[in-house]
Amino acid sequence: MENSEKNLPQEAVQEQAPHKRRVRYAGKYPKRYEEKYKELDPIKYQEIADHVKAKGNTPAGTHIPICVNEILDILDIQPGQNGCDCTLGYGGHTERMLEKLQGQGHLCGLDADPIESEKTKARLQALGYKEDILSVILTNFKDIDQVAQQHGKFDFILADLGVSSMQLDNPARGFSYKFDGPLDLRMNPQKGKPAYERLREMERDEIEGMLIENADEPYAAEIAKTLSSDLKSGYPVETTLALRRIIEKALAFLPKSQKKTEVKKSCARVFQALRIDVNEEFEVLYELLEKLPAVLKPGGKVVILTFHSGEDRLVKKSFKWHFNEGDYSDFAREIIRPSAKECAENPRAKSTKLRWAIKA
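Source: prediction; values computed, not measured. (Residues numbered from 1 in each chain as written. Predicted model: local features only at pLDDT ≥ 70, side-chain atom pairs only at ≥ 80, totals over all residues. Heavy atoms only, no water.)

### Notes on the confidence of the model for the protein chain
For step 1, the next point in the chain: Put simply, the protein chain has an average pLDDT of 87, and 82% of its residues get 70 or more.
For step 2, the next point in the chain: Across residues 1-6, confidence stays below pLDDT 50; counting only partners more than four residues off in sequence or on other chains, it has 3 contacts.
For step 3, the next point in the chain: Between residues 11-15, whose pLDDT stays under 50, and residues either more than four places distant or in other chains, the model counts 2 contacts. (pLDDT = per-residue confidence, 0-100. Contact = heavy atoms within 4.5 Å.)

What follows is the structure in structure tokens.
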């Protein structure tokens with residue numbers, strides 16, 4: 001034993017953890033998530049992040065906000081106003097809205113994800129946005145009425161309903177069919193049941209209905225049949241790749257020329273449908289839409305970004321109904337989409353639909 005260790009209590013010697021080397025940064029742009037620590041730290045490794053963006057990709061562990069200029073134009077944020085970002089995520093929209101407040105007023109950032117919200121809170125505080133102007137609140141946006149009771153009614157509200165890139169890119173969260181990981185899909189992994197447990201509870205007709213309602217899946221019947229059969233046979237569908245293999249098996253009847261493309265599209269839709277089900281996304285969106293008029297100040301504005309036709313239909317119907325009831329003075333009759341330039345720079349923006357409304 002070295003002299004330095006002799007002078008330490010035995011407990012301290014035992015508690016000294018062996019040094020663990022960081023995973024080597026394999027190649028210039030590694031593919032494995034665990035090795036992408038330069039992408040995960042875009043402030044320190046800006047050149048790497050810029051290169052990834054230039055290729056039309058999102059650096060791992062980050063998120064590129066969508067329709068920022070369109071949102072800011074509609075909300076017309078003024079210093080001193082009170083606002084709410086219902087979906088804090090990486091904080092890209094939040095940061096731009098805070099800039100508009102110019103140090104005056106207040107913004108609430110809501111998020112149901114305890115993992116990402118803590119990271120974003122630390123990042124925004126490092127930029128100077130402390131509690132006096134920004135409150136990061138770990139809650140689902142369906143509880144926006146409770147937030148308004150504490151912080152007052154809002155001059156502007158934003159809800160970006162898309163899943164964050166940080167969640168998609170992290171295999172441990174189970175949001176993507178592209179990486180092997182636990183089939184979880186929960187926004188808050190500390191609450192509710194993971195997706196693989198949810199699937200065990202569902203009958204074949206329930207799975208088929210979920211795939212149709214939540215994702216307009218054209219092969220819902222075939223996938224539901226294969227998935228239900230494998231589950232009943234005891235096949236463990238507990239990982240993302242296990243579910244992908246079932247989808248591939250269900251679509252084995254397709255011509256070889258179509259199979260690769262159709263499997264890829266169906267995988268994306270199935271994971272979307274399951275994510276919506278696990279997190280009860282339609283139910284919580286409905287609650288938010290019902291509560292919006294009551295938490296907006298007169299003249300207050302709300303913008304909602306959707307990424308699925310079912311979500312957009314709910315928003316469209318709600319805005320129109322509340323307009324006819326006199327709750328809104330105006331609302332978007334037509335959807336606003338991101339520009340072709342933005343979609344080229346950020347392919348994840350392609351399915352975005354933006355709608356807005358103004359409180360009477």
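That covers the picture; the talk isn't over yet.
### Some points on the pattern of salt bridges
For step 1, the next point in the chain: Per the stated rule, a full pass over the model turns up 21 salt bridges.
For step 2, the next point in the chain: Note that Glu201 and Arg198 form a salt bridge whose closest N and O atoms lie 3.4 Å from each other. One end of the pair is Glu201 and the other is Arg198, both in helix 9 (residues 195-201) and 3 residues apart, which spans about a single turn.
For step 3, the next point in the chain: Judged by relative accessible area, which is 38%, Glu201 ranks as partly exposed.
For step 4, the next point in the chain: Given a relative accessible area of 23%, Arg198 falls into the partly exposed group.
For step 5, the next point in the chain: Where Asp330 meets Arg333, a salt bridge forms, and the shortest distance between an N and an O atom there is 2.5 Å.
For step 6, the next point in the chain: The exposure class assigned to Arg333 is partly exposed, which follows from its relative accessible area of 45%.
For step 7, the next point in the chain: Members of the salt-bridge network, linked through shared partners, are Lys193, Arg198, Glu201 and Asp277. (Salt bridge = Lys/Arg side-chain N within 4 Å of Asp/Glu carboxyl O. Helix = DSSP H or I, 4+ residues; strand = E, 2+ residues; numbered from the N terminus. Buried < 20%, exposed > 50% of the residue type's maximum accessible area, 1.4 Å probe, protein only.)

### A few points about the pairing of strand 2 (residues 106-111)
For step 1, the next point in the chain: Across the 6 residues of strand 2, 6 count as buried, placing the element largely inside the fold.
For step 2, the next point in the chain: Of the two faces of strand 2, the one holding His106, Cys108 and Leu110 and the one holding Leu107, Gly109 and Asp111 are both buried throughout.
For step 3, the next point in the chain: In this sheet, strand 2 lies alongside strand 1 (residues 82-85) in parallel orientation, the contact comprising 4 bridges. When the bridges of strand 2 are listed, Cys84 appears paired with Cys108. (Pairing = 2+ DSSP bridges.)

### Details of the nonpolar core
Side chains that are nonpolar tend, in soluble globular proteins, to be buried together.
For step 1, the next point in the chain: Formed by 32 residues in total, the largest nonpolar core has its most connected members in Leu183, Leu211, Ile223, Leu243 and Leu274.
For step 2, the next point in the chain: Elements with a minimum of two residues in this core: helix 9, helix 10 (204-215), helix 11 (220-232), helix 12 (240-250) and helix 13 (256-278).
For step 3, the next point in the chain: Filtering out sequence-adjacent residues up to four positions away, Leu183 remains in contact with Pro194, Ala195, Tyr196, Leu199, Val237, Glu238, Thr239, Thr240, Leu243, Phe271 and Leu274.
For step 4, the next point in the chain: Leu98, Leu107, Leu305 and Ala332 belong to the second-largest nonpolar core, a separate cluster that totals 28 residues. (Core = buried A, V, L, I, M, F, W, Y, C linked by side-chain atoms within 4.5 Å.)

### Comments concerning the side chain of Asp155
For step 1, the next point in the chain: Inspection of the secondary structure puts Asp155 in strand 4 (residues 154-160).
For step 2, the next point in the chain: Discounting chain neighbours no more than four positions away, the residues touching Asp155 are Gln81, Asn82, Lys297, Gly300 and Lys301.

### Some points on the packing of aromatic side chains
For step 1, the next point in the chain: What the rule picks out here adds up to 4 aromatic pairs.
For step 2, the next point in the chain: Ring centres 6.1 Å apart and planes at 55 degrees place the aromatic pair Tyr177 and Phe271 in the tilted group. Of this pair, Tyr177 sits in the loop between helix 8 (165-169) and helix 9 while Phe271 sits in helix 13, and the two are 94 residues apart along the sequence. Residue Tyr177 shares its accessibility class with Phe271, and that shared class is buried.
For step 3, the next point in the chain: Relative to Phe253, the ring of Tyr219 lies with its centre 6.1 Å away and its plane at 70 degrees, an arrangement referred to as edge-to-face. (Phe/Tyr/Trp six-rings, centres within 6.5 Å; stacked < 30°, edge-to-face > 60°.)

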